[in-house]
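These are the residues of each chain, in order.
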Amino acid sequence: MMYETVTDIDQLLDRLQAYQPEADLGMVRKAYEFSVRAHEGQTRRSGEPYVKHPVAVAGVLTSLKTDVAAVVAGLLHDTLEDTVATADELQREFGQEVVHLVDGVTKIGKITFKSSEEKQAENFRKMVLSMADDIRVVIIKLADRLHNMRTLEHLNEKKRQEIAQETLEIYAPLANRIGIGWVKNELEDLCLKHLKPDAYETLRVCVAKRDEDRQQYIQEVQALVEGALKENGLVGAVYGRPKHLYGIYQKMKKQSISFEEVYDLTALRIITDTKMNCYALLGVIHSLWQPLPGRFKDYIAIPKSNLYQSLHTTVVGPKGEHVEFQIRTEEMHRVAEYGIAAHWKYKEQGRVHDKDSKAFGWLRQFIEWQKDLPDNRQFMDSVKLELFHDVVYVFTPKGTVKELPKGATPVDFAYAIHTEVGDHCVGAKVNGKIVPLKHELTSGDTIEILTSPNQTPHKDWLKFVRTSRAKTKIKHWIKAEEQKRSLEIGWRLLEAEIRRHGLAPSQVLKSDALLETAKQEGYATIDELAAAVGFGHFATGQLIGRLTAPISAGAPTQSQPAGASKVVSTRGEEPGVQVKGGRDLLMQLSRCCNPVPGDKILGYITRGRGLTIHSVDCPNLEALDYDRERLVEVEWDTATPSQHAVKIAVLAEDKTGMLANVSSAIAECKANISRAEIITREDRKAELDFVVEIADTAHLNRVLKTIERVGGVITARRVRSWQERS
């Protein structure tokens with residue numbers, strides 16, 4: 001449905017009094033007069049007085065049958081942002097409850113943001129925090145957005161596109177999540193009108209024309225249903241349902257079909273008196289016409305998370321036409337129309353009734369996300385994911401229903417139960433059978449989570465979990481563990497550096513000079529400084545140099561120039577790597593690509609593990625979900641010649657003396673063999689694996705070319721990964 005826009009205060013008061021006869025109309029008129037004075041001289045882009053907008057917003061709120069405080073806040077919602085009115089004035093005139101609502105809706109206008117995305121995120125975050133105390137905040141915001149969308153044509157095209165896209169991504173899904181279906185549908189249709197004007201107009205004309213042509217058909221179906229109800233002694237009113245243009249557009253796009261191929265445009269709704277009669281009516285409909293398989297949904301037995309309840313079915317009606325039916329009670333219809341607005345008690349100042357609060361647990365999730373995700377972009381991505389998801393309904397072993405996004409896994413389910421269950425999840429049974437942790441759940445599944453106190457979250461879980469809660473909790477645990485490892489590594493590096501300068505760690509680490517240095521660098525404690533060292537944000541060489549400035553040993557030497565940090569790899573006599581910027585880091589060469597001097601390399605800081613050196617073309621480096629700040633420019637330190645272990649795979653004919661001949665070729669290039677292995681195949685070929693010590697890539701290439709010249713050798717190649725077989 002689409003409610004008429006309210007244009008004056010008398011119309012607003014009439015609509016409010018119609019559903020709340022005892023309403024304080026004097027307070028509402030007072031708020032209107034305050035808004036008129038505050039917005040005096042201001043106009044909208046259409047040229048009409050600005051006060052028309054808050055009156056229309058308050059009108060939408062009366063369509064949702066909100067209380068007086070919400071209607072008053074609707075009249076005043078722009079006063080703090082766009083006028084000289086202050087919160088103190090509002091509190092004196094209208095009380096703290098109204099001020100809280102107005103402030104919750106008010107955008108953040110006095111802060112400078114780096115981007116429009118950041119501003120959007122902060123505005124939404126502020127609204128979410130207000131929602132935690134009073135759900136009416138989001139309802140007022142939706143009313144504000146709905147009227148803005150109704151009058152969007154007065155803005156330029158670029159602004160229209162931006163607002164419509166934001167509405168489609170945030171506010172329409174939000175209206176759906178709080179159960180206000182008509183607001184969600186109207187917002188989506190208006191978004192389509194401005195984002196895809198040609199498609200919108202084509203659909204509008206086609207639907208209107210089809211409605212004219214099919215009016216007689218709809219009346220025929222209604223008459224048949226009403227006759228069947230009367231014959232069976234059942235109570236029920238049959239209505240046609242309004243068409244949702246955006247829903248039709250999405251169906252055409254998703255199924256790649258034309259408008260003529262959308263068969264289920266005929267939609268009827270039956271409203272009856274009891275839940276039992278809903279099922280009785282369903283039986284009558286199915287006795288009249290054959291139901292389509294897979295098109296029956298029982299949202300009465302398992303309500304949606306926004307408390308929506310109805311029976312949905314699609315049948316092959318008269319003349320073979322597909323007809324959709326929704327069957328519900330009057331109370332279910334009220335909830336479907338007003339959503340969360342139908343559930344609060346006026347005296348409770350915007351708080352949802354206890355029996356319904358569990359159904360809106362996702363609101364509490366928003367609060368958790370804003371705490372756990374300080375990064376605005378991550379926060380908005382999580383919000384959009386949670387608002388948009390298609391859902392599956394699954395059960396705990398005790399029969400409790402849990403709603404999860406489509407594609408969710410047992411790990412998502414475990415975290416939905418409790419963080420501790422998720423952290424210690426080792427396996428799961430779905431319908432009594434053991435399944436992998438990345439198994440996708442389907443509606444109706446019963447899940448039992450298996451736990452172990454020794455289990456901890458895996459980074460690999462992030463590749464398949466779907467819920468924002470699971471992702472946030474896993475990342476939080478990993479971050480905490482990496483912080484712990486960073487602290488341990490930092491202390492080890494500090495102690496090693498102190499000993500290298502001939503000092504006693506026990507004295508230096510407890511000295512006031514070290515604490516003072518830490519504070520100068522912005523760290524409150526020595527532990528924080530040690531963690532920064534372990535993470536790679538601070539160089540031990542620079543730190544000790546400042547503590548031991550008079551000691552000559554602290555000065556740079558020829559073998560370690562100033563501005564570079566040299567750490568020798570732990571494998572044999574391999575050469576070290578220099579880090580640009582002078583950071584002292586724990587280093588290791590990656591085992592996945594096994595770089596050698598001559599390869600172009602890049603360092604990647606792993607929290608708690610120091611710096612891992614990869615070849616720039618390493619597939620694993622490309623696949624890492626890294627932050628740019630973790631990448632470090634590095635280069636080989638070739639001042640001192642050294643040897644480097646590399647694996648070589650040779651494919652050759654299986655004949656006598658082949659191993660000896662290839663070994664001789666390697667020795668000819670002055671490369672030492674540290675390991676050799678040969679495997680013969682059924683096709684009379686031999687696979688020879690060698691680990692040889694070479695100086696750099698040029699030396700390696702000479703070795704490979706020499707091997708290829710050996711008689712009977714088919715190919716000789718370098719093996720990057722130590723785990724890869726030839």
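This is a predicted model, so every value here is computed, not measured.

1. With respect to the packing of helix α3 (residues 52-63) against helix α4 (residues 68-76)
Look at α3 against α4: their axes get within 7 Å of each other, and the N-to-C directions meet at 155 degrees. Here α4 runs roughly antiparallel to α3, going by the angle between their axes. Where α3 crosses over α4, the two elements pack in a sense that is right-handed. On α4, the residues that touch P54, V55, V57, A58, L61 and T62 of α3 are A70, V71, G74 and L75. Of the residues belonging to the contact of α3 with α4, the class tally is 8 nonpolar, 2 polar and no charged.

2. Things to note about the packing of helix α1 (residues 9-19) against α4
The N-to-C vectors of α1 and α4 enclose an angle of 165 degrees; their axes lie 12 Å apart at closest approach. Between α1 and α4, the angle falls in the class roughly antiparallel. Remark: the crossing between α1 and α4 carries right-handed chirality. In contact with L12, L16 and Y19 of α1, α4 contributes V68, V71 and L75.

3. Overview of the pairing of strand β21 (residues 685-694)
In terms of burial, β21 is largely enclosed, as 8 of its 10 residues are buried. In terms of strand pairing, strand β19 (residues 644-653) meets β21 through 10 bridges, oriented antiparallel. Residue pairing across strands places A652 opposite A686, the latter belonging to β21. Looking at chain direction, strand β20 (residues 672-680) and β21 are connected through 8 bridges and run antiparallel. Considered in β21, the bridge of I678 is made with L688.

4. Some words on the sheet that holds β21
Spatial ordering of the open sheet is given by β20-β21-β19-β22, a layout of 4 strands whose pairing is antiparallel. Bordering the open sheet on either side are β20 and β22 (713-719), each of which pairs with just one other strand. With strand direction ignored, the average angle separating the axes of adjacent strands in the sheet is 20 degrees. Lying over the sheet, helix α27 (residues 658-668) contacts β19, β20, β21 and β22, oriented at roughly 25 degrees with respect to β21. Of the strands in this sheet, β19, β21 and β22 are in contact with helix α28 (residues 697-708), which crosses β22 at around 160 degrees.

The rules behind the values
- Residues numbered from 1 in each chain as written.
- Predicted model: local features only at pLDDT ≥ 70, side-chain atom pairs only at ≥ 80, totals over all residues.
- Heavy atoms only, no water.
- Axes fitted to C-alpha atoms, helices over the stretch in contact; angles between N-to-C directions.
- Helix = DSSP H or I, 4+ residues; strand = E, 2+ residues; numbered from the N terminus.
- Parallel < 35°, antiparallel > 145°, perpendicular 65-115°, else oblique.
- Left-handed = near helix turned anticlockwise from the far one by under 90°.
- Contact = heavy atoms within 4.5 Å.
- Nonpolar A, V, L, I, M, F, W, Y, C, P; charged D, E, K, R; others polar.
- Buried < 20%, exposed > 50% of the residue type's maximum accessible area, 1.4 Å probe, protein only.
- Pairing = 2+ DSSP bridges.

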